[in-house]
Amino acid sequence: MNAIEFILAGMLAAATPMLLAALGELVVERTGVLNLGLEGMMALGAALGFITTYTYGSHLLGFGAAALGGAVLSLVFALVVLGFVANQVAAGLAIGILGTGLSSLFGKSFESLTITGLPKLALPLLSDVPVIGPTLFVQDIVVWLTLLFAVGLWAVLNHTKLGLMIRAVGENPHAARAIGFRVLTIRCLAIAFGGAMAGIAGAYASTVYTPLWADGMIAGRGWIALALVVFGTWQTGRIAFGAVLFGALSLGELVTQAGGVNIPSQILACVPYVVTILMLAVISSNRRRMRQNTVASLGQPFQP
Amino acid sequence: MTSAKTPLLALTGVSKRYGGVTANAGIDLIVDPGSIHAILGENGAGKSTLMKLIYGVQSPDEGQILWKGQPVRLGSPADARRLGIGMVFQHFSLFETLSVVQNISLIVPGSQKTLGARIRALGDEFGLTVDPDAMVHALSVGERQRVEIIRCLLLNPDLLILDEPTSVLPPQSVKKLFETLRALQAKGMAILFISHKLEEIKDLCDTATILRAGRVTGRVTPAEHSAKDLATLMIGRAMPPPMPAVARSGGELRLQISGLSHDNDDPFGLPLKDLSLTLRSGEILGIAGISGNGQQDLAALISGEIVQARSARDTLRLMGQPMADQGAAARRALGFAFVPEERLGRGAVPDMSLSDNALLTAHGAGLVTGGFISRAAERAFTADIIDRFDVRTPGPQAEAGALSGGNLQKFILGREITLAPKVLLVSQPTWGVDIGAATDIRRRLIEMRNDGAAILVISEELEELFQICDRLHVLHKGRLSPSLITAQVTAEEVGAYMIGAGPTKGAAA
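Residues numbered from 1 in each chain as written. Chains lettered and ligands numbered in written order. Predicted model: local features only at pLDDT ≥ 70, side-chain atom pairs only at ≥ 80, totals over all residues. Heavy atoms only, no water.

**Let's talk about the packing of aromatic side chains**
Now for step 1: Inspection of every chain in the model, using the stated rule, returns seven aromatic pairs over all chains.
Now for step 2: Consider the rings of A:Tyr204 and A:Tyr209, whose centres lie 6.5 Å apart with planes at 25°: the pair is stacked.
Now for step 3: On the basis of relative accessible area, A:Tyr204 is assigned to the buried category, the value being 0%.
Now for step 4: Measuring from centroid to centroid gives 5.8 Å for B:Phe178 and B:Phe193, while their planes differ by 75°, and the two rings are edge-to-face. (Phe/Tyr/Trp six-rings, centres within 6.5 Å; stacked < 30°, edge-to-face > 60°. Buried < 20%, exposed > 50% of the residue type's maximum accessible area, 1.4 Å probe, protein only.)

Written out as structure tokens, the structure reads:
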């Protein structure tokens, strides 16, 4: 397997944890709430997902437990920022730290245990294409479902009344309330959704992508997902593009290091971050489109 | 007024308090089907609160609301809409990043395609033309109002509430709006029309309920009363007479803008193109126009919040000196002063005391010695402003944010006037200010002018500009009209410039 095939085979799976978390955060931010606790919610999801899958032998149960855990933790955040109108940045950071701490606590006795991941599914017809067929089009079921979900979310946000409601609440919560939307309810549901997605994202990382639990295994993916949402200018397609680009670059970095290229590894490790941010910054440089998609009330507390 | 019919809407003894403030106290209101009913009252009289209760945005603390004879509890605007109540807000409840039809589909059921067709049909029937696929941020204020009205009409309400609908419209559009409202009345719809403009109410409404300080002070047929009577009911005393202006001629040139252009950073904003004006001592120059036509940028350019490149330094001259590339401090040092439209946040710091707020722009007036604040001088300076400008407050230590809009505006204006500026820029001097304070503010401006100051007033209240200005320009889509002499033009002629229709009869000076 050469370097290109290696990257093609792995980039979608590498992108999936970040994409799942970013899609959840996209919905949260579209309603005007900034939840910086993504990293911690992913860590909690990863720990709970691994423990459940290890104990009961079912990935489905694992994902369910992780989604529930992420949602419960995010509801604590919702209570603080919506109920007590606390600062969203401070509350998000605190929830993130709490989630990471809880994941270490729960995962302590499961450290270094392993489980089996999920089988790869080959897409009919497409997987027969030379080179990209056996690599790009052979992925596990979660990867395919995540991509389908991204398309579905794009359709919901742009072409349904639910999507319009979410965007309206994020642009102007006072006007939304004046025409009769329950702003806090919508925001609370969005936060819970975002938490569940982050939990699932963590579980994918710990039960499928690298099927083991290790403390700190989320390793900044939550922060990357947050950056993807912003640099992807709150648009589903761009966020997915950014996630896959980042996945491909991080694999490229491994290939380069393994190939013995004489560049310090610290610099190579920076490349995916720098290139992803540059790429997304370039595509989001159209100010009119940026303004069209920026969430006007993002991070601002709302009191009816 | 008595009526044999069951009233469409009846309120009995409705009260609403916010904290310690009583916004509405024991309000009784009866609206008959098919009538145009005015709620008349000045800023702060409780009109908007009352409408929020009727539209279900807030719930009353006491009292009862009867709809078609049945008591109802309105938990949310959705409840009100189900009953058949529609509302057009003063500060529109539209979403700028969505299209017209998307905005409407948020509360009106139906696919966007059928809604688009219905929007066009309604537009043709009632003269409310608007493109369903246009993005709301690209619409003028008048068009946005039409979108709000259409959004209500698509739900076939029995009662349509309009909160200060004419405050954002030029005179021509007001006439058109009234035609629309009469056509709606002819179809049997009742209209609740909220305003503080007496002539409009006399012109349009069958009945008026007058509010003062949260209580009903009268129920009248407006056509049978003079504007003076209505004003007395509204403000509790006779309307204060305006201060006469002393005609002066040809003072020295204080502010000269020539060929000033500016591109807005906000891609939805308007660029200002090739503006020119002159302002002499002893005159008040008005900038008329509907908000959102470049007023905020113009104020920022003159005040020095936006600084131009050095190559464009000659586009703005203060006291003869090129200043377009200089910041606000340099301009103030030359004798310039500025009262911004946002009182809290730009004109004053809400959680600082009045004394400290005075210091912000008056630090040069002997309040600081050797780098240290002289608290005694600061207090004396503030107490003097409070006294001379009739600011109702416990004293110099009161927080700025605790003052009512009118009192804070008097304080900020007092602070700037006390600095005896040679050029004063005032943006929206009487926004949200009650009539007494507004009259007082206008009187102060005319006094200053009579004493030889050069004053530039940006305002969307055309009546106000006609009262105090010697000349005016109209700002429309980032361009200035020629200079118009106030005594020689009519409101309609100025209104033509406000909607971009250009000169009607030549009155340019």
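After that view, the rundown keeps rolling.
**Considerations on the domain arrangement of chain B**
Now for step 1: When cut into domains, chain B gives domain 1 (9–235), domain 2 (250–335 + 421–509) and domain 3 (342–420).
Now for step 2: One C-alpha centre belongs to domain 1 of chain B, the other to domain 3 of chain B, and the line joining them spans 38 Å. (Domains from an automatic or database assignment.)

**Section: helix α4 (residues 112–126) of chain B**
Residue and element names in this part refer to chain B.
Now for step 1: Between its first and last C-alpha, α4 extends 21 Å over 15 residues, near the 21 Å set by a 1.5 Å rise per residue.
Now for step 2: Lining the buried residues of α4 we find α3 (100–105), α5 (141–153) and α6 (171–186).
Now for step 3: With its phi angle positive at about 65°, Gly127 sits one or two positions after the end of α4. (Helix = DSSP H or I, 4+ residues; strand = E, 2+ residues; numbered from the N terminus. Expected span 1.5 Å × (residues − 1). Contact = heavy atoms within 4.5 Å.)

**What about the pattern of salt bridges?**
Residue and element names in this part refer to chain B.
Now for step 1: Counted under the stated rule, the structure contains 29 salt bridges over all chains.
Now for step 2: Across the salt bridge formed by Arg151 and Glu148, the nearest N and O atoms sit 3.4 Å from each other. Highlighted residues: Arg151 and Glu148, both in helix α5, separated by three residues, approximately one helical turn. For the pair Arg151 and Glu148, one class covers both residues: buried.
Now for step 3: The residue Glu252 makes a salt bridge to Arg254 at a minimum N-O spacing of 2.8 Å. (Salt bridge = Lys/Arg side-chain N within 4 Å of Asp/Glu carboxyl O.)

**Considering the interface of chain B and chain A**
Now for step 1: With 27 residues of chain B at the contact, the number on the chain A side is 20 residues.
Now for step 2: Between chain B and chain A, roughly 2100 Å² of surface is buried when both sides are summed, and carbon and sulfur atoms account for 54% of that area.
Now for step 3: Interface area lost by chain B to chain A is led by B:Phe95, B:Leu106 and B:Pro267, which between them contribute 30%.
Now for step 4: The interface formed by chain B and chain A contains zero salt bridges. (Buried area = accessible area lost by both parts, 1.4 Å probe.)

**Overview of the packing of helix α3 (residues 59–83) of chain A against helix α4 (residues 88–107) of chain A**
Two quantities define a packed helix pair, namely the angle between the helix axes and the distance between the axes.
All names here are of chain A.
Now for step 1: Relative to each other, α3 and α4 sit at 155°, their axes nearing to 10 Å. When the axes of α3 and α4 are compared, the pair comes out roughly antiparallel. α3 and α4 meet at a crossing whose hand is right-handed. Side by side, α3 and α4 meet where Leu73, Val76, Phe77, Val80 and Val81 of the first sit next to Gln88, Ala91, Gly92, Ile95, Leu98 and Gly99 of the second.
Now for step 2: Each residue belonging to the contact of α3 with α4 can be placed in one class, and the counts come to eight nonpolar, three polar and no charged. (Axes fitted to C-alpha atoms, helices over the stretch in contact; angles between N-to-C directions. Parallel < 35°, antiparallel > 145°, perpendicular 65-115°, else oblique. Left-handed = near helix turned anticlockwise from the far one by under 90°. Nonpolar A, V, L, I, M, F, W, Y, C, P; charged D, E, K, R; others polar.)

**A closer look at the environment of B:Pro350**
Now for step 1: Relative to the helices and strands, B:Pro350 is located in the loop between β16 (336–339) and α11 (354–362).
Now for step 2: Residues B:Pro350 and B:Ala402, 52 residues apart in the sequence, show an inter-C-alpha distance of 7.6 Å.

**A short note on α3(A)**
Residue and element names in this part refer to chain A.
Now for step 1: Its 25 residues give α3 an end-to-end C-alpha distance of 35 Å, which sits within 8% of 36 Å, the value for a rise of 1.5 Å per residue.
Now for step 2: Its side-chain oxygen 3.3 Å from the backbone nitrogen of Leu60, Ser58 forms the N-cap of α3.
Now for step 3: A positive phi of about 50° marks Val85, the residue just after α3. (Polar contact = N/O pair within 3.5 Å; in protein donor to acceptor, adjacent residues only side chain to side chain.)

**Regarding the side chain of B:Thr486**
All names here are of chain B.
Now for step 1: Inspection of the secondary structure puts Thr486 in the loop between β23 (484–485) and α16 (491–498).
Now for step 2: Of note is the side chain of Thr486, whose polar atom sits 3.4 Å from the backbone nitrogen of Arg471.
Now for step 3: Excluding its chain neighbours within four sequence positions, the residues that come into contact with Thr486 are Leu465, Phe466, Cys469, Asp470, Arg471 and Leu472.

**Section: the sheet that holds strand β4 (residues 62–67) of chain B**
All names here are of chain B.
Now for step 1: Ordered by their spatial adjacency, four strands build an open sheet running β2-β1-β4-β5, and the pairing between neighbours is antiparallel. Two strands bound the open sheet, and with one partner strand each, they are β2 (21–31) and β5 (70–72). Going from strand to strand, the sheet's axes swing by 30° on average, the running direction of each strand aside. (Pairing = 2+ DSSP bridges.)

**Topic: the nonpolar core**
Now for step 1: By size, the foremost hydrophobic cluster in this structure holds 111 residues, and its most contacted members are B:Phe193 and B:Leu445.
Now for step 2: For this core, the element with the highest residue contribution is helix α14 (residues 435–450) of chain B, accounting for seven residues.
Now for step 3: Of all hydrophobic cores here, the second largest spans 74 residues; its members include A:Leu12, A:Phe50, A:Ile224 and A:Val229. (Core = buried A, V, L, I, M, F, W, Y, C linked by side-chain atoms within 4.5 Å.)

**Brief notes about unusual backbone geometry**
Now for step 1: Positive phi outside glycine occurs at A:Val85, with the angle close to 50°.
Now for step 2: Within the fold, A:Val85 resides in the loop between α3 and α4.
Now for step 3: If you check the backbone angles, B:Asn156 has positive phi at about 50° while not being a glycine.
Now for step 4: With respect to the helices and strands, the residue B:Asn156 is situated in the loop between α5 and β7 (159–163).

**Here's the deal with the packing of helix α12 (residues 375–388) of chain B against helix α13 (residues 405–418) of chain B**
Residue and element names in this part refer to chain B.
Now for step 1: Two elements in contact, α12 and α13, have axes whose closest approach is 9 Å; the angle formed by their N-to-C orientations is 115°. α12 and α13 meet at a crossing whose hand is right-handed. Facing α12, whose interface residues are Phe381, Thr382, Ile385 and Arg388, α13 presents Phe411, Gly414, Arg415 and Thr418.

**Observations regarding the pairing of strand β3 (residues 36–40) of chain B**
Residue and element names in this part refer to chain B.
Now for step 1: The buried fraction of β3 is high, at five of five residues.
Now for step 2: Burial along β3 is two-sided: the residues Ile36, Ala38 and Leu40 and His37 and Ile39 are all buried.
Now for step 3: Examined bridge by bridge, β3 and strand β8 (residues 190–195) share five bridges and lie parallel to one another. Among the inter-strand pairings, Leu40 is bridged to a residue of β8, identified as Ser195.

**Observations concerning the side chain of B:Asn103**
Now for step 1: Its place among the elements puts B:Asn103 in helix α3.
Now for step 2: Residues in contact with B:Asn103, not counting those within four places in the same chain, are B:Leu94, B:Phe95, B:Leu98, B:Val136 and B:Arg151.

**With respect to the pairing of strand β9 (residues 207–212) of chain B**
All names here are of chain B.
Now for step 1: In terms of burial, β9 is largely enclosed, as five of its six residues are buried.
Now for step 2: Alignment of β3 against β9, held across four bridges, turns out to be parallel. Looking at β9, one finds that His37 is bridged to Thr207.
Now for step 3: As paired elements, β9 and strand β10 (residues 215–220) share five bridges and run antiparallel to each other. Across the sheet, residue Arg212 finds its bridge partner in β10, namely Arg215.
Now for step 4: Between the antiparallel neighbours β9 and β10 lie two residues, among them Ala213 with a positive phi of about 50°.

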